[in-house]
Amino acid sequence: MNTEKLKNRFYELYGEGEATVFFSPSRINIIGEHTDYNGGFVMPGAIEMGTYGVARKRVDNVLKMVSENFELKVETTVENMVYENRHGWANYVKGVIHELGVSGYKTGGMEILVNGNIPIGAGLSSSASLELLVGEMVNCLFNEGRIDRLEMIKLCQNAENHFIGVMCGIMDQFAIGMGRKDKCILLDCDTQVHEYIDFCMDEHVLVIMNTNKRRKLNESKYNERRAQCEEALEEIRKYKDIKNLCQLSTVEFEECAMYIGDPGRRNRARHVVYENERVKKAAAALKSGEIEVLGELINKSHESLRDLYEVTGPDLDSIVEAATGCAGCIGARMTGAGFGGCAIAIVQADRVDDFIRHVSDEYLDRTGYRADFYITGIGDGTRVIA
Ligand code: GLA
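One numbering rule holds for all chains: residues counted from 1, following each sequence as written. pLDDT decides what is reported in this predicted model: residues at 70 or higher carry local features, side-chain atom pairs at 80 or more are listed and counted, and totals for whole chains, interfaces and linings draw on all residues regardless. To obtain the side-chain values, all non-hydrogen atoms of the structure were used and water was disregarded.

(A) Focus on helix H2 (residues 90-102). Its 13 residues give H2 an end-to-end C-alpha distance of 18 Å, which sits within 8% of 18 Å, the value for a rise of 1.5 Å per residue. For H2, a buried count of ten out of 13 residues is recorded, marking the element as mostly surrounded by other parts of the structure. Considered for burial, the residues of H2 that qualify are Ala-90, Asn-91, Tyr-92, Val-93, Lys-94, Gly-95, Val-96, Ile-97, Glu-99 and Leu-100. Here, residues are in contact when the closest pair of their heavy atoms is within 4.5 Å. Numbering of helices and strands runs from the N terminus; a helix is a DSSP stretch of H or I covering at least four residues, while a strand is a stretch of E covering at least two. Each element contacted by the buried residues of H2 is listed here: strand E4 (62-67), strand E5 (74-77), strand E6 (110-116), helix H3 (126-142) and helix H4 (149-164). Of the residues trailing H2, Gly-104 is marked for its positive phi of about 95°. Here, expected helix span is obtained from the residue count minus one, scaled by 1.5 Å. Here's how the labels work: a residue is buried when its accessible area is under 20% of the maximum for its type, exposed when over 50%, partly exposed in between, all with a 1.4 Å probe on protein chains only.

Okay, here's the thing in structure tokens:
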């Protein structure tokens, strides 16, 4: 991204004067899907693609928001931080300002220009990227950088839950806010205790594969899946004192699976418990450099998301099957919420070109869609860049 150009565009829109440039990454999740809102482990990382933004404080309470990714420009005042359909993408900005405001942080009028280089609605968490970007703008411009990062992450998650209405867990906002170059984060979503694990693979490359099947989280079955997990938990709790599904080992789960009345719901819970175990094994494999073991766990994760959690669909399945059928692919799976969007693959570095060619052809053949591929490193979290 040419940030000078972005700044010049900002000056054209709002006039000359001091302005600050921010960057907020997107995220991928190596493993641990749909475990975050069940008190389990996840293993995401921030990536080097994301959302750039330029911002400046105003003396009044007017909020001007322009994005180079959308036609829609929105102007309102900070007194009017309520969700409005017609405000489209700007609702994410408003949601974060609202949450910060009600939590007692200073907010005020701003001029904002944003430009993201991530595909929107592709499961790489463009929304959490924007949320943290705005959080950091308000932090720097109005609060002297004093807002605690974890607090900001939670407020951004609140904005998504209560302002936007998607009952997401903490994973995306955490990965984006706490990302570190060349590390993935092993996060216990129940306690937020986390550990950074090296993710610099010399002989392998992380490839992001976009099915180009757009996913809209709030219209999808995401909230429904979460509700099913909550119901399963309630059924188990009648017999066993647990706080969340991920407290169960796989053995314990099988002992009380019969308490879950509905077979579909039982499958959802089974995925969650086994996926949580896979994250722990994956972290151990990554630490000891057992990349093949990691690959195997990644493949298993996809199968479980397909068969038990049922969040993949023909496009994600096709791209993942094309990938795993390809020489040099160590493992592949969908990443993020599912229902379309992106998958990831770990591929031998010297075979990446062939891999992309093969997956691209096979996916087009099978679905009629053209896939996109991104090779981007794991990067740092949300920050001021100039
Ligand atoms: C979305 C949500 C996350 C998480 C994943 C699935 O990305 O925002 O909180 O639940 O789906 O693992």
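More follows now that the structure is in view.
(B) Representation of the sheet that holds strand E13 (residues 383-384) in the model. Note on pairing: DSSP must find at least two bridges between two strands before they are called paired. Pairing is mixed across the open sheet formed by six strands, whose spatial order is E5-E4-E6-E3-E1-E13. On the outer flanks of this sheet lie E5 and E13, each paired with one strand and no other. Bridge count for strand E3 (residues 44-57) against E6 is seven bridges, and the pairing is antiparallel. Bridged to Val-54 within E6 is Leu-113. To obtain each axis, a line is fitted to C-alpha atoms, and for helices this fit is confined to the stretch in contact; angles are then taken between N-to-C directions over 0 to 180 degrees. Its contacts with the sheet place H3 against strand E1 (20-29), E3, E6 and E13, and it is angled at close to 45° to E3.

(C) Representation of the pattern of salt bridges in the model. Here a salt bridge means any side-chain nitrogen of Lys or Arg lying within 4 Å of a carboxyl oxygen belonging to Asp or Glu. Under the definition given, this model contains 31 salt bridges. Ionic pairing is found between Glu-136 and Arg-149, a salt bridge with its closest N-O pair at 3.2 Å. Pair noted here: Glu-136 is in helix H3 and Arg-149 is in helix H4, with a separation of 13 residues, a long-range link. Notably, a salt bridge pairs Glu-275 with Arg-278, separated by 2.9 Å at the nearest N-O pair. Taken together, the residues Glu-275 and Arg-278, both in helix H8 (residues 263-287) and three residues apart, mark about one turn of the helix. The residues Glu-275 and Arg-278 share a single accessibility class, namely buried. Beyond isolated ion pairs, a larger network of salt bridges with shared partners links Arg-56, Arg-58, Asp-60 and Glu-111.

(D) Seen up close, the site of the ligand. Every residue near the ligand is listed here: Arg-27, Glu-33, His-34, Asp-36, Tyr-37, Cys-168, Gly-169, Met-171, Asp-172, Tyr-222, Gly-336 and Ala-337. Counted as a polar contact is a pair of N or O atoms within 3.5 Å, where, for protein atoms, one must be capable of donating a hydrogen and the other of accepting one, and residues adjacent in sequence contribute only when both atoms are in side chains. Residue Glu-33 places a side-chain N or O atom 2.7 Å away from an oxygen atom belonging to the ligand. For the ligand, an oxygen atom lies 2.5 Å from a polar atom in the side chain of Asp-36. Calculation of accessible area relied on Shrake-Rupley with a 1.4 Å probe; when residues are assessed, cover is drawn exclusively from the protein chains displayed. Look at the ligand: alone it shows 310 Å² of surface, and the protein chains cover 98% of it. The way it works is a 1 Å grid over only the protein atoms, where trapped points that fit a 1.4 Å probe form a cavity and open points with protein on both sides within 12 Å along at least five of seven lines form a pocket, and then any residue with an atom within 4 Å of a point lines it. Pocket occupancy is defined atom-wise: a molecule lies in a cavity or pocket when more than half of its atoms are within 2 Å of its grid points. In this structure the site holding the ligand corresponds to the largest pocket. Residues are grouped as follows: nonpolar covers Ala, Val, Leu, Ile, Met, Phe, Trp, Tyr, Cys and Pro; charged covers Asp, Glu, Lys and Arg; every other residue, Gly included, is treated as polar. Classifying every residue of the shell around the ligand gives five nonpolar, three polar and four charged. The criterion for a residue being near a molecule or strand is simple. One of its heavy atoms has to lie within 4 Å of it.

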